[in-house]
Amino acid sequence: MRILYVEDEQLLADAVTHLLEKASINVDWAKDGEEGLDLAKKPIYDAIVLDIMLPKMSGLEILEIIRKHGIKTPVIMLSALSEVEDKVKGLEIGADDYLAKPFKTKELIARLNALTRRPALRESKTLKYEDLELDPDNRSVNGMPLTEKETEILEMLIKSGDKTVQKDYILAHVWGADMMAEDNYVEVYMSYLRKKLKTLKSKVEIKTIRGLGYKLMTKSDR
Ligand code: CA
């Protein structure tokens, strides 16, 4: 899981970030409203933890703007207990959850897990798409072994169904904090996956949607 955490109190931000990262949650920290808004527009986060009182722009303003832009990333608002009106306003304009300060990081982690619907113990399940059966835990498709990154990419494509998965989104999720990752990594891995699907004689193809990303299609859809 990768989250954006917008919080201007550095000591609090450091402490919370440390505990979240120990729980395997990757955190990008933004120290003020403007920086928070810039990052919040990126389609790379599983959730946003948004303080209300921030320099330059409030958390409520950020929330309002991103929802107007159609960004549906789950948002947990943070504010002091006394700011009840802010809580109501936040939920009205599209926050998914609310946590009063001071809060326990454990509580925040529980809420994040609930919001992103990823239980700590993941069930071992195969994912199906047409004639493909992906086993994410054993990293194989129709019995053919896949690398870790190939598995993650194919899982994303299958879970997206008919929607196009953006290249930036794949890059951020699969390579994440690896700063050396470049755009063409995605293309390279798509070509590996295409070869494997071809070897399997699957009727599923990975289609490139120019300028947007990738999606799965069956050959008969063309
Ligand atoms: Ca604050």
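For every chain, the first residue of the written sequence is number 1, and numbering continues from 1 onward in sequence order. At least 70 in pLDDT is required for a residue's local features to be given in this predicted model, at least 80 for side-chain atom pairs to be given and counted, and no such filter applies to totals for whole chains, interfaces and linings, which use all residues. Computation of side-chain values: all heavy atoms of the structure, hydrogens and water removed.

Just checking my understanding: could you explain the domain arrangement of the protein chain for this structure?
For the domains described, the bounds stem from an automatic or database domain assignment. Considered domain by domain, the protein chain is made up of domain 1 (2–121) and domain 2 (127–221). Its C-alpha centre places domain 1 at a distance of 30 Å from the equivalent point of domain 2. Counting residues at the interface gives 4 residues for domain 1 and 6 residues for domain 2. Two parts lose some accessible area (1.4 Å probe) when they are put together, and adding that loss for both gives the buried area. Of the roughly 380 Å² buried at the junction of domain 1 and domain 2 (both faces included), carbon and sulfur atoms supply 54%. In what follows, salt bridge is the name for a side-chain nitrogen of Lys or Arg lying within 4 Å of a carboxyl oxygen of Asp or Glu. At the junction of domain 1 with domain 2, the criterion picks out 0 salt bridges. For this analysis, a polar contact is any N or O atom pair within 3.5 Å, provided that within protein one partner can donate a hydrogen and the other can accept it, and provided that sequence-adjacent residues contribute only side-chain to side-chain pairs. There are 1 residue pair in polar contact (both at pLDDT 80 or more) connecting domain 1 and domain 2. Whether two residues touch is decided by their heavy atoms; if any such pair falls within 4.5 Å, the residues are in contact.

So what exactly am I meant to see when it comes to the packing of aromatic side chains here?
Think of a pair of aromatic rings as described by two things: how far the centres are apart, and how the planes are tilted against each other in angle. Side-chain rings of Phe, Tyr and Trp, where Trp is taken by its six-membered ring, are said to pair if the distance between their centres is within 6.5 Å; with planes under 30 degrees apart they count as stacked, over 60 as edge-to-face, and otherwise as tilted. Inspection of every chain in the model, using the stated rule, returns 3 aromatic pairs. Measuring from ring centre to ring centre gives 5.6 Å for W175 and Y185, while their planes differ by 65°; the resulting arrangement is edge-to-face. You can see W175 sitting in helix α7 (residues 167–175) and its partner Y185 sitting in helix α8 (residues 183–199), a full 10 residues away along the chain. When accessible area is computed with a 1.4 Å probe and restricted to protein chains, residues below 20% of their type maximum are described as buried, those above 50% as exposed, and intermediate ones as partly exposed. Judged by its relative accessible area of 8%, W175 falls in the buried class. Residue classification places Y185 among the partly exposed positions, given a relative accessible area of 27%. Relative to Y189, the ring of W175 has its centre 5.3 Å away and its plane inclined at 70°; by these criteria the two rings are edge-to-face. A residue pair is termed long-range when its members are at least 10 positions apart, and W175 in helix α7 and Y189 in helix α8 qualify at 14 residues. An aromatic cluster is built from W175, Y185, Y189 and Y192, whose rings are joined through pairwise contacts. Secondary structure elements follow DSSP: runs of H or I of four or more residues count as helices, runs of E of two or more count as strands, with numbering from the N terminus.

Honestly, the coordination of the calcium ion in this entry has me stumped. Any pointers?
Geometry sets the ideal angles at a metal, namely 109.5 degrees for four tetrahedral donors and 90 or 180 degrees for six octahedral donors. The donor definition counts N, O and S atoms within 2.8 Å of each metal and applies 3.2 Å to Na, K and Ca; water is not among these atoms, so some sites may look incomplete. Those donors, D8 (OD), D51 (OD) and M53 (O), are the protein atoms that reach the calcium ion, and they lie 2.1 to 2.3 Å from it. Between the donor residues of the calcium ion, the gaps in sequence give the motif D-x42-D-x1-M. With a gap of 45 residues between them, D8 in the loop between β1 (2–6) and α1 (10–22) and M53 in the loop between β3 (47–51) and α3 (59–68) connect regions that are remote in the sequence. Residue M53 is classed as exposed on the basis of its relative accessible area, which comes to 54%.

Would you take a moment to explain the pattern of salt bridges for this structure?
Two side chains that carry opposite charge are able to pair once their charged atoms sit near each other. Summed over all chains, the structure comprises 14 salt bridges. Note that D32 and K56 form a salt bridge whose closest N and O atoms lie 3.5 Å from each other. With D32 in the loop between β2 (26–30) and α2 (33–40) and K56 in the loop between β3 and α3, this pair connects stretches of sequence that are 24 residues apart. Judged by its relative accessible area of 59%, K56 is exposed. A salt bridge links E187 to K167, with the shortest nitrogen-to-oxygen separation between them at 2.6 Å. Of this pair, E187 sits in helix α8 while K167 sits in helix α7; the two residues are 20 residues apart in sequence, bridging distant segments of the chain. Three or more residues joined by partner-sharing salt bridges are found here, namely E7, E9, D51 and K101.

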